[in-house]
Each structure stands twice: as C-alpha cells, then as structure tokens.
Amino acid sequence: MTTTKETVQKSVSSGFKNVDRKDGKLALAYIYVAFIAVFLGGTAGLLQVLVRSGAYELPSFLNYYQVLTVHGVLLGLVLTTFFILGFQTAAVSRTSGTFTDKQRTIGWIGFWVATIGLVAAAAMILTNEASVLYTFYAPLQAHVVFYLGLAFVIVGSWLTGAAQIMRFVQWKKENKGQSSPLLSFMVVVNNFLWYVCTLGVAIEVLVQLVPWSLGLVERVDVLLSRTLFWYFGHALVYFWLLPAYMVWYVVIPKIIGGKIFSESLAKLAFMLFLILSVPVGIHHQFMEPGIDALWKFIQACLTFFVVVPSLMTAFSMFATFELRGRELGGKGVFGWFKKLPWNDSRFLLPFIGMVAFIPGGAGGIINASYQMNELVHNTIWVTGHFHLTIATAVALTYFGTAFWLIPHLNGRKLTKRANSMANCVGILWAIGMTIMSSSMHIAGLLGAPRRSAYSEYGGSEQAAEWISYQVAQAIGGSILFIAILVITGLIIYLAFFAPKGEQDFPVAEVAPGAAKVPASLENFKLWGVIMIAVIIFAYTIPIIDIINTSPVGSKGFKLW
Ligand code: HAS
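Read on for a plain summary of the structure. (Residues numbered from 1 in each chain as written. Predicted model: local features only at pLDDT ≥ 70, side-chain atom pairs only at ≥ 80, totals over all residues. Heavy atoms only, no water.)

### Side note on the overall build of the protein
Part 1 of the argument: Looking only at helices and strands, one finds 16 helices and zero strands in the protein.
Part 2 of the argument: Against the 2.2 N^0.38 benchmark of 24 Å for 560 residues, the protein shows a C-alpha radius of gyration of 23 Å, consistent with a compact globule.
Part 3 of the argument: Overall size of the protein, expressed as C-alpha extent along the three principal axes, is 65 × 45 × 45 Å.
Part 4 of the argument: Counting only residues that meet the buried cut, the protein has 60% of its 560 residues in that class.
Part 5 of the argument: Within the protein, counting contacts between residues at least 6 apart in sequence, those at least 24 apart form 85% of the total.
Part 6 of the argument: When the accessible surface of the protein is totalled, it reaches about 22300 Å², and 70% of it is carbon and sulfur.
Part 7 of the argument: Once the 37 positive and 25 negative side-chain charges of the protein are each reduced to a mean point, those two points are 12 Å apart. (Helix = DSSP H or I, 4+ residues; strand = E, 2+ residues; numbered from the N terminus. Rg over C-alpha atoms; globule rule 2.2 N^0.38 Å. Buried < 20%, exposed > 50% of the residue type's maximum accessible area, 1.4 Å probe, protein only. Contact = heavy atoms within 4.5 Å. Areas by Shrake-Rupley, 256 points an atom, 1.4 Å probe, with all protein chains shown as cover. Lys, Arg positive; Asp, Glu negative; His and termini not counted. Charge placed at Lys NZ, Arg CZ, Asp CG, Glu CD.)

Right under this line is the structure:
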C-alpha cells in the first residue's frame, strides 16, 4: 500500500511528466469503453441515415427508434461520460500527481458502477424495452432497468469525479498559497458542474420515472419531468464541451510550441461556465406551454451570457495561434496561420473542431433567440447544430486527444503512420460532417422534422423537398462511418500493437512574467454560492408554477 507521502514524492521526482501506470489503467478502462461506444453508436448512425434516405429498410428485428436510441445513448451519453472520466483522471494525475490507493480505489468503484449501469441500460435498449431516445422524455415509458442503469452510470461518475477532486484538494493542501495547476482546476470545475446538474435528472429518474415505470404511480407530470431533464440537459452539453476546452487551453499551446495565453482568462471562463450552465435549460422548452413567457425570456438572456466564456475562448485561441505563428516568423495579417503544425494530428483534429464550432456556436445563438427557435425547434436543423458542436468540435478534440493519450498511458508511441491515419480521420470527418450537417440545417429550415423515420407524409409536396437533403445526409453519414472504421482500427493499433516507447502528455506553461491568478478566481466557495443563487433565481418560480398548475399527469406510452 503506497502512503500519501510516498506517492507525492514519487510524483514530484518525476515532475508529474508521466501519468502513473496505475492511474493510467483506470483512465484507459474508461477510454476503451468510450471507443466501443463510438463504433457501435456510429454503426447505428449509419443505419439511420440510410433509412432516412428512403433507400434502405431495417430488418424486421430492429426498429428505427430503437436504433436512434442506441445512437443517442452510446454517443451522447456513453462516449462522452466515459471519455471525460478517463481523460480527467489522466489530467489530474498528470498535473496534481499520482492518486493515492484510496483515491484510485474510489475511481475504480465508480468505473464498475457506471459500467454495470451501462450494460443494464444497453440490454433494455437491445431487447426493445427502452426505445425512448437519449432524452427519455415521458410519457414514453421505458423498462425500469433502463432508468436504473442510467442512474448507476451517474452514481459511478460521481465516485470517479470525487476521486479526482480528492487528489486536487490534496495538492492544494500540500502547496498552500500557490495557484493551482490549470488542468486540474478545470477538471474540478467540470466535476462541480456535473454534480449540481445531475441532481435534476437524478430527481426526475428516482422520484418520477422509476415509481411510474414500476406501476407504483399511474401518471407522471410530463412538464415537470422535462424541466428537470433540461435543468440537467443543457449543463450536460457544457460538461461535454469543457474537456475539449481543457485541451484547447492547455494542451494545444504546448503542441504548437507556444504558451498559455492567459491563465486568469482561462480560469475565469471556466468559473463563468460553472455559474451559467445550469440556469438556461428552459431554452430547450421555449415552445412548451405551461412555462411563463417571463421565465423563458430570463433564461434566454442567461443563455446569451453563457456564450461569453466561449467568445473568450475563441479570443484566447486566436491569440495563442497568432503569437506563436509570429514568433516563428509569420508576416502580414494571416502569415502566422501558415506556421501552425498542420501535419500533427494532435493539433489538426482539435483545430478542425474549433473551426466547426464557429457555425455550431452561431447556430446555438439562433436557437436561443426565441422567435427564431419557433422556426427551427423540433426540426432537423437542431440535429445539424449538435452534430457541429458535440459531434465535431467536441468529438474531434476527444479523438485527436485519444490518439496520443492512449499510447502515453500504455507506454507506446503514436507513430508517423498512425499520425497520418489520424489526419485522414480529421479530413474525412470534416468532409462527411460538412455534407451531413449542412443538409440537416437546410432541410430543417424547409421544415423537415427531427426524431423521425423516413416518410413521404402521404405524398406531401413539402416533404418531397426534403428527400434530396436526406440523400445528402446519407452520403455524409457514410463518409463519417468510414472515418469511424479508421478510428476503431487506430484505437486497436494504439492499444495493442503500436511500438513501445514514450509519448508525451503535452501541458503548456504560462507565459513568463504573467500576472499571478487573482485568489478570487480560485475561490470555489464564492463561485459555488453565486451558482446556487442564480439557479434558485432562474428555477424556483417556474418549478413552483409547474407543480401548482400542471394538469393531471400522463399514463405511460410504448409506441414501438
Ligand atoms: Fe446547443 C440544442 C443553444 C452550444 C449541444 N444543443 C442542442 C442540442 C444539443 C446541443 C445536443 O437555445 C439538442 C438537444 C435535444 O436533443 O433536444 N447551444 C446553444 C448555445 C450554445 C450551444 C447558445 N450546444 C452547444 C454545445 C453543445 C450543444 C457546445 C454540445 C457540446 N442548443 C441551443 C438551444 C437548443 C440547443 C437553444 C435548443 C434547440 C431546440 O429548439 O430544441 C453556445 O454555447 C454556443 C457558443 C459558441 C460560440 C462559438 C465560439 C467559437 C470557438 C471556436 C474558435 C475557433 C478558432 C479557430 C480559434 C460562440 C470557441 C479559428 C480558425 C479559423 C481559421 C477560423
């Protein structure tokens, strides 16, 4: 059994350059599950676009909504949560030091609880007992094991997140008065965000959906369940985004040979996400009756505030790139651009993600604008939006990270050839997603609904306009599937066959002479109080209203 003191000495002597192998195993376990989800979820995605093109019918033992549930749950919930927990474990170990045995054990218990939950939920989807999509909206009713499985995934994530926080707190105790390592700080912010937002979905599942699905209560308050879901659901998208931002702020500057532009700006951006990510969920419910227009307006305004830390991030990234490019001799307005390391997949994939996030973010701002939301809500435009944000900006950053992180953790190397294959993934993804997501946006504007299988809607003229875009989605989706096959091959290669060696875990330093981070930015209590205050302000009255005025609830439906 390693004592805390020994652990710290070992870490300090290695300068925290490498993630300890034991911590690495935990991180890898999470990352491998994430990539199994990529393969299976991506296959489901291919089936969907083919069905929606009208050219293909699913075999009789599968139905469209079952496949759509597999796709959404595996990619939206499993890939993300498992990759994040693995990456964050490695990030904390790398920057705060090796976990103690106790911390690592808690991390592993979390992994197994989450994995058991995942298997249980997946079994329900595969046996067609839970074709309720990844948002599991009531009154669609799934088997109770599906809800409990998801609850287990969340409890598992709480445990592993707690281990990460404990390691950070230990670092703080041992380094009193110093500003904390940026990457670990960011992990802790993301975990706090996760704890607070998952309370909403935990209440929805345990208090409403589980008793209802067991038949202990006959009806469910649909509006309340959706409001609790979106209390969680929008913060969820920032829980996905922040690890990508960790890579953009901390890893990318090192890869390009630069420095962190401003540690204070990065810490402020993360604290702004902490206070603003939750009290905006009602922007997913603009079209729902039963929520007063005033509260929709207030949460729309808060949504515009939560755009600010992303704009700060865009500014910081541009500054990082330009400073480094000029240092390397780039001249003129855009000369610095040519100096960036375009052949390095560790840079290229996240960079393509950043570029995609510009239209993806702009689409989000359109969605958040109440009147424009009336046009796009429940159309496939929204699907186009989240394929640019989560499925490109975030996913490509995760992929580009996994390709160096896996060999770092298992003592292998990202070879030249593997790096070229990884670059191919980036290019295929950019092409496939541009075709698929653009046609989703356009079809959405023409009124094509989301969450729907192929239909000609009784020969309607309007529906006929969508078909060519659906065919384009199938072409884009097929290119993405080819990329997923390459990704799967690469992950297997990097996990088991790549040559042994040392692969760096790049962590950039702060620019010399940078001002010390103000202590207030490290004050979790202060930001935590502001966070809770804003949430109470934004949600108390709408929830009391919903409880007081909701009609009698709904019985469960199984439409599949
Ligand atoms: Fe969203 C729906 C609003 C961001 C994901 N969103 C969704 C859904 C998902 C999702 C999954 O207001 C569907 C949920 C469902 O199933 O129903 N979203 C926003 C807003 C933002 C936003 C305002 N969304 C995201 C992110 C996601 C995500 C991030 C996943 C990771 N979204 C909405 C709304 C809806 C919605 C409504 C409901 C729609 C409806 O009616 O149902 C903002 O956070 C976006 C801010 C982003 C920016 C971009 C900054 C750009 C950066 C890159 C810089 C580039 C560089 C490279 C440096 C302002 C940081 C430059 C190099 C060059 C060469 C140019």
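Structure shown, so let's carry the discussion forward.
### Re the site of the ligand
Part 1 of the argument: Lining the immediate surroundings of the ligand are 38 residues, of which Tyr134, Tyr238, His377, His385 and Arg450 lie closest.
Part 2 of the argument: The separation between an oxygen atom of the ligand and a polar main-chain atom of Ala368 is 3.1 Å.
Part 3 of the argument: Between His377 and the ligand, the recorded distance is 2.6 Å, taken from a side-chain N or O atom to an oxygen atom.
Part 4 of the argument: At the level of secondary structure, the elements contributing two or more residues to the shell around the ligand comprise α7 (222-255), α9 (293-327), α11 (345-368) and α13 (380-410).
Part 5 of the argument: At nine residues, the largest contribution of residues to the shell around the ligand is made by α11. (Near = heavy atom within 4 Å. Polar contact = N/O pair within 3.5 Å; in protein donor to acceptor, adjacent residues only side chain to side chain.)

### Points about the coordination of the iron atom of the ligand
Part 1 of the argument: Only one protein atom coordinates the iron atom of the ligand: His385 (NE2), located 2.2 Å from the metal.
Part 2 of the argument: If you trace the backbone, His385 turns up in helix α13. (Donors = N, O, S within 2.8 Å, 3.2 Å for Na, K, Ca; no water.)

### Notes on helix α8 (residues 263-276)
Part 1 of the argument: Its 14 residues place the ends of α8 20 Å apart at the C-alpha level, agreeing with the 20 Å of an ideal helix rising 1.5 Å per residue.
Part 2 of the argument: Burial of α8 is extensive: 12 of the 14 residues sit out of reach of the surface.
Part 3 of the argument: Burial in α8 covers these residues: Glu263, Leu265, Ala266, Lys267, Ala269, Phe270, Met271, Leu272, Phe273, Leu274, Ile275 and Leu276. (Expected span 1.5 Å × (residues − 1).)

### Structural notes on the pattern of salt bridges
Part 1 of the argument: As enumerated under the stated definition, the model contains 11 salt bridges in all.
Part 2 of the argument: We note a salt bridge from Asp23 to Arg104, for which the minimum N-O separation is 2.6 Å. Note that Asp23 is positioned in helix α2 (residues 21-53) and Arg104 in helix α4 (residues 101-126), a separation of 81 residues in sequence. Like Asp23, the residue Arg104 is buried in the burial classification.
Part 3 of the argument: Across the salt bridge formed by Glu322 and Arg326, the nearest N and O atoms sit 2.8 Å from each other. On the criterion of helical spacing, the pair formed by Glu322 and Arg326 is a turn pair, its members being four residues apart in helix α9. (Salt bridge = Lys/Arg side-chain N within 4 Å of Asp/Glu carboxyl O.)

### Digging into the environment of Ala90
Part 1 of the argument: In this structure, Ala90 sits in helix α3 (residues 64-96).
Part 2 of the argument: Ala90 gets classed as buried once you look at its relative accessible area, which sits at 0%.
Part 3 of the argument: Discounting chain neighbours no more than four positions away, the residues touching Ala90 are Val19, Ala27, Leu405, Leu409 and Phe505.

### Points about the nonpolar core
In a soluble, globular protein the nonpolar side chains are often hidden away together inside.
Part 1 of the argument: Counting 184 residues, the largest nonpolar core has Phe146 and Phe505 as its most contacted members.
Part 2 of the argument: Looking at this core element by element, the count peaks at 24 residues for α7.
Part 3 of the argument: Excluding residues that lie within four positions of it along the chain, Phe505 makes contacts with Lys17, Val19, Phe87, Ala90, Ala91, Arg94, Leu183, Val251, Trp404, Leu405 and His408. (Core = buried A, V, L, I, M, F, W, Y, C linked by side-chain atoms within 4.5 Å.)

### A closer look at α7
Part 1 of the argument: Between the first and last C-alpha of α7 there are 48 Å, a value that for 34 residues agrees with the 50 Å anticipated at 1.5 Å per step.
Part 2 of the argument: Approximately 30° is the largest bend angle found in α7, and it occurs at Trp248.
Part 3 of the argument: In this structure Asp221 caps α7, since a side-chain oxygen of it lies 3.3 Å from the backbone nitrogen of Leu223.
Part 4 of the argument: Gly257 sits one or two positions beyond α7 and adopts a positive phi of about 85°. (Bend = angle between axes of the 7 residues up to and from the residue.)

### A short note on unusual backbone geometry
Part 1 of the argument: Look at the link from Ala138 to Pro139: it is a cis peptide, with omega at 10°.
Part 2 of the argument: By the element assignment, Pro139 lies in the loop between α4 and α5 (144-174).
Part 3 of the argument: Phi is positive for Asn128, close to 60°, though the residue is something other than glycine.
Part 4 of the argument: In this structure, Phe136 is a non-glycine residue whose phi angle is positive, near 30°.
Part 5 of the argument: By secondary structure assignment, the location of Phe136 is in the loop between α4 and α5.

### Details of the packing of aromatic side chains
Part 1 of the argument: Across all of its chains, the model carries 45 aromatic pairs by this definition.
Part 2 of the argument: Ring geometry for Tyr238 against Phe273: centres 5.2 Å apart, planes inclined by 40°, an arrangement best described as tilted. Highlighted residues: Tyr238 in helix α7 and Phe273 in helix α8, separated in sequence by 35 residues. We note that Tyr238, like Phe273, is buried.
Part 3 of the argument: Through a chain of ring-to-ring contacts, three or more aromatic side chains come together here, namely Phe136, Tyr137, Phe146, Tyr147, Trp194, Phe229, Trp230, Phe232 and Phe239.
Part 4 of the argument: The side chain of Lys267 reaches across the aromatic face of Phe185, ending 4.9 Å from its centre. (Phe/Tyr/Trp six-rings, centres within 6.5 Å; stacked < 30°, edge-to-face > 60°. Lys NZ or Arg CZ within 6 Å of the ring centre and 35° of its normal.)

### Let's talk about a positive patch on the surface
Part 1 of the argument: A contiguous patch of positive charge, built from Arg21, Lys22, Lys25 and Lys500, is present on the exposed surface.
Part 2 of the argument: Inspection of the secondary structure assignment puts Lys25 in helix α2.
Part 3 of the argument: Of the residues examined, Lys25 reaches a relative accessible area of 58% and is grouped as exposed. (Patch = residues over 30% accessible without salt bridge, like charges linked within 9 Å, V, L, I, M, F, W, Y side chains within 5 Å.)

### Some remarks on the environment of Leu140
Part 1 of the argument: As for its placement among the helices and strands, Leu140 is situated in the loop between α4 and α5.
Part 2 of the argument: Spatially, the C-alpha atoms of Leu140 and Phe496 are 42 Å apart, while their sequence positions differ by 356 residues.
Part 3 of the argument: When near neighbours in sequence (up to four residues on either side) are disregarded, Leu140 contacts Val132, Tyr147, Trp212, Phe557, Leu559 and Trp560.

None of the figures reported here should be taken as evidence of function without further support.
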